[in-house]
Amino acid sequence: MKTALTIAGSDSSGGAGIQGDLKTFAAHGVYGMSVITAITAQNTVRVSHIQGLDPLTIEKQIDAIFSDIQVGSVKIGMLYNKRIVHAVLNTLKKYTMPPIVLDPVMVSTTGRILLKGDAITMMVEELFPICHMITPNILEAELITKMPIKNIDDMKKACIRLHKQGPKNVLVKGGHLKDTATDIYYNGYDFISYEHERIPNTNTHGTGCALSSAIAANWSIGYPSHVAIQRAKSYISKAIQGGFSIGSGDGPIKHFPKGVYNE
Ligand SMILES: Nc1ncnc2c1ncn2[C@@H]1O[C@H](COP(=O)(O)OP(=O)(O)O)[C@@H](O)[C@H]1O
Ligand SMILES: Cc1ncc(COP(=O)(O)O)c(N)n1
C-alpha cells in the first residue's frame, strides 16, 4: 500500500490544510495519515480562531506513526509557531525520513497570519535543510529571500537564493502572477518551467496545500520529482477548473477521484 503523511493545520471548512491534503492523497489512491499541528476555525471568508497544539501532542502523533508504519512521503504545511517548528523538526530527526515536501504556509488567502514572524527564521535555517523540496508561493518567497518577485526571471533568482538555504529542490509557485500560472522548479543545476494559463476561477481555496500533497502522493507512487510536479500541476489545474462556491467568499477546489485528472 502506498502511504503519505501530512503534518499540517486543520481547516474547519475542509478546503485547505489537513482536510485538503487527505482529499488529495485519496484522489491519488494513496493511503493518507495526519499529524495535526494547529486547529483553525475558518470558512470561505476568514480565519476566526487558531489554537496551536502543544509540542508533546505533536511529538506523540509523529512517534505513533513512524514507530509502526512505513511512510512513503511527508508533506508539511502550517506550523504556526516556533515551539511547533521545533517539535516537528526534533521528532522527525529521530527517524529515517522518506522525502519531505514543505509548503511554507505563512498567510491564508483570507489574510490571517498562519506562521508567526519569529518562527520563520527557525523554519528556514533548520527545517529547510532536511526537505527534499520546498514550495513557497511568490509572497512567501519574497519574505524569505527579501527580494521583490515580479516575473519569471525574479522567480529564478529567488529559487537560487532559496536553494542555498539547504532544500534539495525548490518550486516557486506562480499562482499570484498576473498573466500566467507558471511555477519554476530548480534542483541546483537546472530550471524547469511548469506552465498553465490562468484559470478565471476565484474558488482556489486550498490550491497550494493540494499541489504539495499531490507531489508527495506522486512520490509515494514512485515518480521522480520532475514527473511528480508535472502530474501535480495537471491535477491542480483540473481541480481549480472544478472549483465551486459553498460560502460567500472564495470556495474550494474540486478533488477528482483517481483516474480522472491525468487523462
Ligand atoms: N487561477 C489559476 N489558474 C491556474 N493555476 C493556478 C491559479 N491559481 C493558482 N494556480 C496554481 O496553483 C498552484 C498553487 O499556487 P499558488 O496559488 O501560488 O499557491 P498558494 O495557494 O500557496 O498561494 C500553483 O501550481 C499555481 O500555478
Ligand atoms: C490550516 C490551513 N493551512 C493552510 C492554509 C492556506 O490555504 P489558502 O492559501 O488556500 O488559504 C489555510 N488557509 N489553512
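The model shown is predicted, which means the values in this text are computed figures rather than measured ones.

The rules behind the values
- Residues numbered from 1 in each chain as written.
- Chains lettered and ligands numbered in written order.
- Predicted model: local features only at pLDDT ≥ 70, side-chain atom pairs only at ≥ 80, totals over all residues.
- Helix = DSSP H or I, 4+ residues; strand = E, 2+ residues; numbered from the N terminus.
- Rg over C-alpha atoms; globule rule 2.2 N^0.38 Å.
- Buried ≥ 20, exposed ≤ 12 C-beta atoms within 10 Å, placed from the backbone.
- Contact = placed C-beta atoms within 7 Å.
- Near = placed C-beta within 6 Å.
- Nonpolar A, V, L, I, M, F, W, Y, C, P; charged D, E, K, R; others polar.
- UniProt positions renumbered as here; feature names shortened; annotations may be inferred.
- Axes fitted to C-alpha atoms, helices over the stretch in contact; angles between N-to-C directions.
- Parallel < 35°, antiparallel > 145°, perpendicular 65-115°, else oblique.
- Left-handed = near helix turned anticlockwise from the far one by under 90°.
- Pairing = 2+ DSSP bridges.
- Expected span 1.5 Å × (residues − 1).
- Arc of directions from axis to C-beta.

Caption draft 1: The overall build of the chain, seen in detail. Tallying secondary structure elements over the chain gives eight helices and nine strands in all. Its C-alpha atoms give the chain a radius of gyration of 17 Å, near enough to 18 Å, the size a compact globule of 263 residues would have. Each principal axis of the C-alpha atoms in the chain carries an extent, and together these give about 45 × 40 × 35 Å. A burial count over the chain gives 47% of its 263 residues as buried. Considering only intrachain contacts with a sequence separation of at least 6, the fraction spanning at least 24 residues in the chain is 69%.

Caption draft 2: Spatial organisation of the site of ligand 2. Around ligand 2, a shell composed of 16 residues is seen, among which Gly-9, Ala-16, Gly-17, Ser-108 and Thr-109 lie nearest. Looking at side-chain class alone, the shell around ligand 2 contains six nonpolar, nine polar and one charged residues.

Caption draft 3: Examining the UniProt feature "domain: Pyridoxamine kinase/Phosphomethylpyrimidine kinase" (unreviewed entry) in the chain more closely. As recorded in UniProt, the feature "domain: Pyridoxamine kinase/Phosphomethylpyrimidine kinase" (unreviewed entry) lies at residues 11–253. A distance of 14 Å separates the end C-alpha atoms of residues 11–253, which is 40% helix and 16% strand.

Caption draft 4: Structural view of the packing of helix H2 (residues 55–66) against helix H3 (residues 82–92). Following both chains from N to C, one finds H2 and H3 inclined at 30 degrees, their axes separated by 9 Å at the closest point. It follows from the interaxial angle that H2 and H3 lie roughly parallel. Viewed along their axes, H2 and H3 form a crossing whose handedness is right-handed. Contact residues: Pro-55, Ile-58, Glu-59, Ile-62 and Asp-63 in H2; Arg-83, Ile-84, His-86, Ala-87, Val-88, Thr-91 and Leu-92 in H3. Residues belonging to the contact of H2 with H3 are distributed by class as follows: seven nonpolar, two polar and three charged.

Caption draft 5: Spatial organisation of the sheet that holds strand S1 (residues 3–11). Here we have nine strands laid out as an open sheet, ordered S3-S2-S1-S4-S5-S6-S7-S8-S9, and mixed in their pairing. One side of each edge strand has no neighbouring strand; the edge strands of this open sheet are strand S3 (47–52) and strand S9 (191–194). Two elements, strand S7 (residues 169–172) and strand S8 (residues 183–186), share three bridges in a ladder whose sense is antiparallel. If you follow Val-170 over to S8, its bridge partner there is Tyr-186. The strands that helix H7 (residues 207–221) touches are S1, strand S4 (74–76), strand S5 (100–102) and strand S6 (133–134); relative to S1, the one it contacts most, it runs at about 165 degrees.

Caption draft 6: Structural view of the environment of Lys-116. As for its position among the elements, Lys-116 is in the loop between S5 and helix H4 (117–127). On the basis of neighbour count, Lys-116 is assigned to the partly exposed category, with 17 C-beta atoms found within 10 Å. Along the chain, Lys-116 and Met-106 lie 10 residues apart, while their C-alpha atoms are 7.7 Å from each other.

Caption draft 7: Examining helix H8 (residues 225–241) more closely. The terminal C-alpha atoms of H8 lie 24 Å apart, and with 17 residues this matches the ideal 24 Å at 1.5 Å per residue to within 8%. The secondary structure elements touched by the buried residues of H8 are S6, S7, S8, S9 and H7.

Caption draft 8: Spotlight on helix H6 (residues 152–163). Its 12 residues give H6 an end-to-end C-alpha distance of 16 Å, which sits within 8% of 16 Å, the value for a rise of 1.5 Å per residue. Considered for burial, the residues of H6 that qualify are Met-155, Ala-158, Cys-159 and Leu-162. Looking down the long axis of H6, one finds its buried residues gathered within 110 degrees of arc, a one-sided arrangement.

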